[in-house]
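The chain contents come next:
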Amino acid sequence: DTGVSQNPRHKITKRGQNVTFRCDPISEHNRLYWYRQTLGQGPEFLTYFQNEAQLEKSRLLSDRFSAERPKGSFSTLEIQRTEQGDSAMYLCASSTRDTFNYGYTFGSGTRLTVV
Amino acid sequence: RKEVEQDPGPFNVPEGATVAFNCTYSNSASQSFFWYRQDCRKEPKLLMSVYSSGNEDGRFTAQLNRASQYISLLIRDSKLSDSATYLCVVNLGGSYIPTFGRGTSLIVHP
């Protein structure tokens, strides 16, 4: 396990369809974060898990978005009834408690295009 | 006012130049600060954490000014390979959630 893994790398979907992304964090990391990034912007926070508990959700996360982390391992992010405005890079990051020394490790992201 | 603000640039500098970026943050109780580097269409990667007393890693120096609520990144002897976007990251008010600035673009040319 050398890093954070995200699947798929790319997803093209038609408006109105549902999509699901998966993130496999570094195995010893108990903290997991989802971000969304659009061109020219920094990553925007979506949601945070500590183990299996979803502790924080951004106001950006509408009712169409849901995330889970069953058993505190991998996580999924689902977007229902996709809209063109959902087109973005979805990034997952994980960390231990010692974020100061080790920071947050990101996956390569899932690039979503809604047509 | 944005919670974490950066000048988007781009900063266009010749090889060998020294360049500095600043980042301001809104919450005076913030505790953890980082600089991340992001290459085009890649994920962000940790460049360095920022210590209260400032810290150096090779050609890179990070400073924290709590009174004025900003952090800085200094790059000396710029290399072509330093061309990237540099993201300022702050755990605002001691939150577990890292908040990112929009990034500062650096272009180092021959």
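One can find the structure itself at the top, above this paragraph.
Rules used in this analysis
- Numbering of residues starts from 1 in every chain and runs along the sequence as written.
- Chains and ligands are labelled sequentially in the order written, the chains with letters from A and the ligands with numbers from 1.
- Thresholds applied to this predicted model are a pLDDT of at least 70 for local features of residues and 80 or more for the giving and counting of side-chain atom pairs; totals over whole chains, interfaces and linings are not thresholded and use all residues.
- To obtain the side-chain values, all non-hydrogen atoms of the structure were included, while hydrogens and water were left out.
- Type-normalised accessible area, obtained with a 1.4 Å probe on protein chains alone, sets the label of each residue: buried when under 20%, exposed when over 50%, and partly exposed for intermediate values.
- By the criteria applied, helices consist of DSSP H or I runs no shorter than four residues and strands consist of E runs no shorter than two, each listed in order from the N terminus.
- A pair of strands is labelled paired if DSSP reports no fewer than 2 bridges between them.
- Pairing of aromatic rings covers Phe, Tyr and the six-membered ring of Trp, with a centre-to-centre limit of 6.5 Å; geometry is then stacked below 30 degrees between planes, edge-to-face above 60, and tilted otherwise.
- The rule for a charge over a ring is simple: NZ of Lys or CZ of Arg within 6 Å of the ring centre, and within 35 degrees of the ring normal.

Trainee: Can you lay out the pairing of strand β7 (residues 65-68) of chain A for me, pointing to particular residues and giving the numbers?
Mentor: All names here are of chain A. Judged by which residues are buried, β7 turns out to be one-sided: Phe65 and Ala67 face inward and are buried, whereas Ser66 and Glu68, on the alternate face, are not. As paired elements, β7 and strand β8 (residues 75-79) share four bridges and run antiparallel to each other. Within the sheet, the bridge partner assigned to Phe65 lies in β8 and is Ile79. Hairpin geometry of β7 and β8 is characterised by an intervening segment of six residues between the two adjacent antiparallel strands and by a positive phi of about 65° at Lys71.

Trainee: For the packing of aromatic side chains, give the residues involved together with the corresponding values.
Mentor: Summed over the entire model, instances satisfying the criterion amount to 17 aromatic pairs over all chains. Relative to Tyr104 of chain A, the ring of Tyr33 of chain A has its centre 5.2 Å away and its plane inclined at 85°; by these criteria the two rings are edge-to-face. One end of the pair, Tyr33 of chain A, is in strand β4 (residues 31-37); the other, Tyr104 of chain A, is in the loop between α1 (99-102) and β10 (105-106), with 71 residues separating them in the sequence. Among the residues examined, Tyr33 of chain A registers a relative accessible area of 0% and is labelled buried. Classification of Tyr104 of chain A as buried rests on a relative accessible area of 3%. Consider the rings of Phe100 of chain A and Phe34 of chain B, whose centres lie 6.4 Å apart with planes at 45°: the pair is tilted. Of this pair, Phe100 of chain A sits in helix α1 while Phe34 of chain B sits in strand β4 (residues 32-38), which puts the two residues in different chains. With a relative accessible area of 22%, Phe100 of chain A lands in the partly exposed category. Arg22 of chain A extends its terminal NZ or CZ atom over the ring of Phe74 of chain A, reaching a point 3.9 Å from the ring centre.

The values are spatial; any link to function lies outside them.
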